[in-house]
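Architecture at a glance
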Amino acid sequence: MLRAGNVGLPNVGKSTLFNAIVENSKAQAANFPFCTIEPNVGIVDVPDSRLNRLSEIASSERILPAKLEIVDIAGLVKGASQGDGLGNQFLANIREVDAIIHVVRCFDNDDIVHVAGSIDPARDIEIINIELILADMAQAERRLERARKEARTKKEAQVEVEALEKLMPALEAGLPARSVALTEDELKSVKNLGLLTLKPVIYAANVSEDHLAKGNAYVEVVREMAKTDGAQVIVISAQVESELVELPMADRQEYLESLGVSEGGLQSLIRVTYSLLGMQTYFTCGPKESRAWTILKGMTAPQAAGVIHSDFERGFIRAETVSYKDLDGHGSMANAKSKGLVRSEGKEYVVQEGDVMHFLFNV
């Protein structure tokens, strides 16, 4: 299961957004800094209309969508890397996620206080980024000293030293670790450090309802900042998301379209997160269930089978495979087979987005 963490300054809308997209959650959202101390964790279904269609085709008893875990991490402040505002505790929570959703306040509201006293997305982003970089610098520096000693006798430590010696100058220059070109072996050598700035980032520009469709000047600042970081930006409204969860499911799309947008914040976050992490979806379907599975792009059929159970990968024989588009167009597996669209794929087959698969394996 993918794990994404909401980070940002206090009072930028993180917990409000979390409560809305993780329906029925209980994260405290209040108009004062540090109303969240312990991280709130919620698991959300990944919306995918293809599952409903597969369930119809296979007359499935139930539908099991893919899952995304979202962690609402307490607001960081300047000095967090030195422990200010319980910063050490909050930074440790960030180390455990796969991707960072950096929520940035892009709305004016005199009734909601800003910890810095004014709305300035560039400043807010810089504060968070600097604290993450400083935390990584301290950790990398400590580890480099030990790794150099270990490198005298251990070859794997030599690779780690090379990676850290590349990373340190960038961090000292105020650049994130992800900006450094590391080899695959070097990346593996520093993986256990959980470097914060090595994680991919999505900037979530939190706007008011009126600015959801077209954004505003604050959003443009966020986009410019993201360009320098090679990050992606989504425009999202915690206010709108809160209103959406109060509506019947059938009315939500109509409400979004009335605001000039085609999808809600959860769909936007999931779409961008999947893209950022290089993930994709394949399906299994039958009378008992239609189910979505999340895998890395480039995975072979045995590796995809292993996501279901390790025995499937070890005993893999072949996979009966049809694209969702072909199965949807022909209405049944039998019709797709009659047209020669159901393929028998072996161990070298690279699974494609939307493949519908049935695995044959030896126990």
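Enumeration according to the criterion identifies 22 salt bridges in this entry. In this structure, arginine 3 engages glutamate 96 in a salt bridge whose closest nitrogen and oxygen atoms are separated by 3.5 Å. Here arginine 3, found in strand 1 (residues 2–7), pairs with glutamate 96, found in the loop between helix 3 (87–94) and strand 5 (99–105); they are 93 residues apart in sequence, far enough to count as distant. The exposure class of glutamate 96 is exposed, given its relative accessible area of 52%. Between arginine 123 and aspartate 124 there is a salt bridge, and its shortest N-O distance comes to 3.0 Å. Relative accessible area serves as the criterion here: at 24%, arginine 123 is assigned to the partly exposed category. Through salt bridges with shared partners, one network takes in Arg3, Glu69 and Glu96.

What follows concerns empty space enclosed by the protein. Inspection of the entire model under this criterion finds one cavity of 30 Å³ or more. Taken as a whole, the largest cavity holds about 40 Å³ of empty space. Every element with two or more residues in the lining of the largest cavity is listed here: strand 5, helix 4 (121–150) and strand 6 (201–206). Per-element accounting of the lining of the largest cavity gives the leading share, three residues, to helix 4. Class assignment for the residues of the lining of the largest cavity results in six nonpolar, two polar and two charged.

Another point: the packing of aromatic side chains. Following the criterion strictly, the structure yields four aromatic pairs and no others. Clustering of aromatic rings is evident, with ring pairs tying together Tyr282, Phe316 and Phe359.

As a further point, take the packing of helix 4 against helix 7 (residues 217–229). At their nearest, the axes of helix 4 and helix 7 sit 9 Å apart, and the two run at 40 degrees to each other. Taken together, the axis directions place helix 4 and helix 7 in an arrangement best described as oblique. Judged by residue contacts, Pro121, Ala122, Ile125 and Glu126 of helix 4 engage Tyr218, Val221, Val222 and Met225 from helix 7. Along the lines of polarity and charge, the residues of the contact of helix 4 with helix 7 split into seven nonpolar, no polar and one charged.

Interhelical geometry of helix 4 versus helix 5 (residues 155–172) gives an angle of 150 degrees and a closest axis separation of 9 Å. The orientation of helix 4 relative to helix 5 falls into the category roughly antiparallel. Handedness of the crossing formed by helix 4 with helix 5: left-handed. Between helix 4, through Ile133, Asp136, Met137, Ala140, Glu141, Arg143, Leu144, Ala147, Arg148 and Glu150, and helix 5, the contact on the second element is made entirely by Ala157, Glu160, Val161, Leu164, Glu165, Met168, Leu171 and Glu172. A breakdown of the residues in the contact of helix 4 with helix 5 according to their chemical character gives 10 nonpolar, no polar and eight charged.

Cut-offs applied
Numbering of residues starts from 1 in each chain and follows the order in which that chain's sequence is written. Only residues with pLDDT of at least 70 get local features here, since the model is predicted, and only at 80 or more are side-chain atom pairs given and counted; chain-wide, interface and lining totals rely on the full set of residues. No hydrogens and no water enter the side-chain calculation; it runs on all heavy atoms of the structure. Criterion for a salt bridge: a side-chain nitrogen of Lys or Arg within 4 Å of a carboxyl oxygen of Asp or Glu. Helix and strand definitions follow DSSP, with helices as H or I runs of at least four residues and strands as E runs of at least two, each counted in order from the N terminus. Whether a residue is buried, partly exposed or exposed follows from its accessible area with a 1.4 Å probe, protein chains only, as a fraction of its type maximum: under 20%, in between, or over 50%, in that order. Cavity means a closed set of points on a 1 Å grid over the protein atoms alone, one where a 1.4 Å probe fits but cannot get out, pocket means an open set with protein on both sides within 12 Å along at least 5 of 7 lines, and lining means a residue has an atom within 4 Å of a point. Grid points are joined across faces, edges and corners, and a volume is the space filled by probe spheres set on the points. Any residue outside Ala, Val, Leu, Ile, Met, Phe, Trp, Tyr, Cys, Pro, Asp, Glu, Lys and Arg is labelled polar, Gly included; the first ten of those are nonpolar and the last four are charged. In this scheme Phe, Tyr and Trp rings, the latter by its six-membered ring, pair at centre separations within 6.5 Å, and the angle between planes marks the pair as stacked below 30 degrees, edge-to-face above 60, and tilted otherwise. Axis definition: a line fitted to C-alpha atoms, over the contacting stretch in the case of helices. Angles run 0 to 180 degrees between N-to-C directions. What sets the label is the angle itself: under 35 degrees gives roughly parallel, over 145 gives roughly antiparallel, 65 to 115 gives roughly perpendicular, and the rest give oblique. Contacts are residue-level and defined by heavy atoms, with any inter-residue pair within 4.5 Å sufficient. In this scheme the crossing of two helices becomes right-handed for a clockwise turn of the near helix relative to the far one and left-handed for an anticlockwise turn of less than a right angle.

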